[in-house]
Amino acid sequence: MTQIEKIITLENVDMLSLLGINDNNLRPIEDRFNTSITVRGENVYIKGVPEEIDAVEKIFKEMVYVLNTAGSLKATDVMTIMDLTVQGKEIISDKEYDTIVLYTKNDVIKAKTPTQIKYFQAVKKQDICFAIGPAGTGKTYLAVAFAVAALKKGIISKIILARPAVEAGESLGFLPGDFREKIDPYLRPLYDALDDMMPTDKLKGYIEKGVVEIVPLAYMRGRTLNNAFVILDEAQNATSMQMKMFLTRLGPNSKAIITGDITQIDLPSKTVSGLVQIQEILKDVEGVGFVYFEKGDVVRHKLVKDIINAYEKFHTGDKEQSQR
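Residues numbered from 1 in each chain as written. Predicted model: local features only at pLDDT ≥ 70, side-chain atom pairs only at ≥ 80, totals over all residues. Heavy atoms only, no water.

S.K.: Explain unusual backbone geometry here, please?
M.R.: What you tend to see is this: most non-glycine residues have negative phi, and most peptide bonds are trans. The phi dihedral of D23 falls on the positive side, at around 60 degrees, and the residue is not glycine. When you line up the elements, D23 lands in the loop between α1 (15-19) and α2 (27-32). Since its relative accessible area comes to 34%, D23 is described here as partly exposed. For N253, which is not glycine, the phi dihedral falls at a positive 55 degrees. Counting through the fold element by element, N253 comes out in the loop between α10 (240-247) and β10 (255-260). The exposure class assigned to N253 is partly exposed, which follows from its relative accessible area of 44%. (Helix = DSSP H or I, 4+ residues; strand = E, 2+ residues; numbered from the N terminus. Buried < 20%, exposed > 50% of the residue type's maximum accessible area, 1.4 Å probe, protein only.)

S.K.: Mind showing me how you'd approach the confidence of the model for the protein chain here?
M.R.: Detailed reading of the predicted model is not advised wherever pLDDT is low. Predicted confidence across the protein chain gives a mean pLDDT of 86, with 88% of residues reaching 70 or more. Every residue in residues 168-172 is under pLDDT 50, and counting partners more than four places away or in other chains gives seven contacts. (pLDDT = per-residue confidence, 0-100. Contact = heavy atoms within 4.5 Å.)

S.K.: Help me understand the environment of E57, please; the structure alone is not making it clear to me.
M.R.: Secondary-structure assignment places E57 in helix α3 (residues 50-70). Under the relative-accessibility criterion, E57 is labelled buried at 13%. As a C-alpha pair, E57 and V44 span 13 residues in sequence and 8.9 Å in three-dimensional space. Every residue in contact with E57, bar those within four places of it in the chain, is listed here: K6, I8 and I46.

S.K.: Is there a simple way to think about the packing of α3 against helix α4 (residues 75-86) in this case?
M.R.: When two helices pack together, their arrangement is given by the angle between the helix axes and the distance between those axes. Orientation of α3 relative to α4, taken along the N-to-C sense of each, is 135 degrees, at an axis distance of 10 Å. When the interaxial angle is binned, α3 and α4 end up oblique. Crossing angle aside, the handedness with which α3 passes α4 is right-handed. Counting all contacts with α3, which are made through A55, K58, I59, E62, M63 and V66, the residues of α4 involved are V78, I81, M82 and T85. Partitioning the contact of α3 with α4 into residue classes produces seven nonpolar, one polar and two charged. (Axes fitted to C-alpha atoms, helices over the stretch in contact; angles between N-to-C directions. Parallel < 35°, antiparallel > 145°, perpendicular 65-115°, else oblique. Left-handed = near helix turned anticlockwise from the far one by under 90°. Nonpolar A, V, L, I, M, F, W, Y, C, P; charged D, E, K, R; others polar.)

S.K.: Honestly, the sheet that holds strand β11 (residues 288-292) in this entry has me stumped. Any pointers?
M.R.: Either a parallel or an antiparallel arrangement is found when strands of a sheet pair, and the pairing is made through backbone hydrogen bonds. Read from one edge to the other, the open sheet built from six strands follows the order β8-β7-β9-β10-β6-β11, with strand pairing classed as parallel. With partners counted over all chains shown, the strands left at the sheet margins are β8 (212-216) and β11, one partner each. In this sheet, adjacent strand axes meet at a mean angle of 15 degrees when their direction is disregarded. As paired strands, strand β6 (residues 128-132) and β11 are joined by five bridges and run parallel to one another. (Pairing = 2+ DSSP bridges.)

S.K.: Just checking my understanding: could you explain the environment of L161 for this structure?
M.R.: Locating L161 in the fold gives a position in strand β7 (residues 158-163). For the pair L161 and A147, spaced 14 residues apart in sequence, the C-alpha to C-alpha distance is 9.5 Å. Residues in contact with L161, not counting those within four places in the same chain, are V144, L190, L194, V212, E213, I214, V215 and I231.

S.K.: Help me out: how do you make sense of the packing of aromatic side chains in this one?
M.R.: Aromatic ring pairs are reported here in terms of the distance separating the ring centres and the angle at which the planes meet. Within the structure shown, the criterion is met by six aromatic pairs. Between Y65 and Y103 the ring centres are 6.4 Å apart and the planes differ by 65 degrees, which places this aromatic pair in the edge-to-face class. Of the two residues, Y65 is situated in helix α3 and Y103 in strand β4 (residues 100-103); the sequence distance between them amounts to 38 residues. The residues Y65 and Y103 share a single accessibility class, namely buried. An angle of 15 degrees between the planes, with centres 5.6 Å apart, marks the rings of F120 and F146 as stacked. Highlighted residues: F120 in helix α6 (residues 114-125) and F146 in helix α7 (residues 139-152), separated in sequence by 26 residues. Its relative accessible area of 6% is what places F146 among the buried residues. (Phe/Tyr/Trp six-rings, centres within 6.5 Å; stacked < 30°, edge-to-face > 60°.)

S.K.: Just to check I follow, could you spell out the pattern of salt bridges for this structure?
M.R.: Pairing of side chains with opposite charge becomes possible as their charged atoms draw close. Tallied over the full model, the rule gives 14 salt bridges. Residue E96 pairs with K110 through a salt bridge whose shortest N-O separation is 3.4 Å. On the criterion of sequence distance, the pair formed by E96 in helix α5 (residues 94-97) and K110 in strand β5 (residues 108-110) is long-range, its members being 14 residues apart. (Salt bridge = Lys/Arg side-chain N within 4 Å of Asp/Glu carboxyl O.)

S.K.: Which parts of the structure should I look at to understand the environment of P134?
M.R.: Among the secondary structure elements, P134 is positioned in the loop between β6 and α7. When its relative accessible area of 15% is taken as the criterion, P134 is described as buried. Between the alpha carbons of P134 and G260 there is a distance of 7.8 Å; along the sequence they are 126 residues apart.

This is the structure:
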């Protein structure tokens, strides 16, 4: 049978831990299969017959999953993975593996719904991605996961998370404390997401060194952001000028994700939302992607979807009555 060569790229992985000291985890694979395996950086070059290449690729993906979820990988683990693969059994399917965004201290963060998978693909492909849809669809949480994954891989050197400090039924002036303490509640959801994805001490160190910044949108003015992953959350509350200001901060080797829900705009009634307007302005610009979430994509508590439906019914009824 004709031999072929395939290159697989392994992301989110410490290659030394994966291969083992003196390549102890690699040797059992080389002994079992008649394939040539060469590892350079995060790329694995496999040469052999198609059937064996497929099996070896599957084994490597299973090894990455076990290492990142269990925290370690031994040669005996590799032997077990090989046995399961030869028997046609899986720890994780190829489809699931391809949706993994980030391995965290407690869990594996995956794109779960079809729209989340589109979101994942759009972020990989585009330098600027807009994620628009209702609460609970994972827009912000996944955006932070994409950024943390890029930082871990060394693709970027800084994460900047921003939110407009728009009052939603409360006045900043009446909140206790100095400005930083007043603004902190607006930024808290971003801290919570990061805290899920990084050890507390590491996150604290990153914040102190400026590797991770969480700031009000107004603080972005005048900056140029190089080698950064920049996220604007709750973008429906950014004005047209603020949206332009944010998008023109991007420097070389930077990515941006803008998330928001255009049904929850807290701006004054005569102020145009930058998120609403930008859909028309950038719709034909190459390198910019738009992903639209629907209530069916809600991944929070099952009642969240019911609550969204109930509000939609309520407001639809209000409109019908006002038209009579």
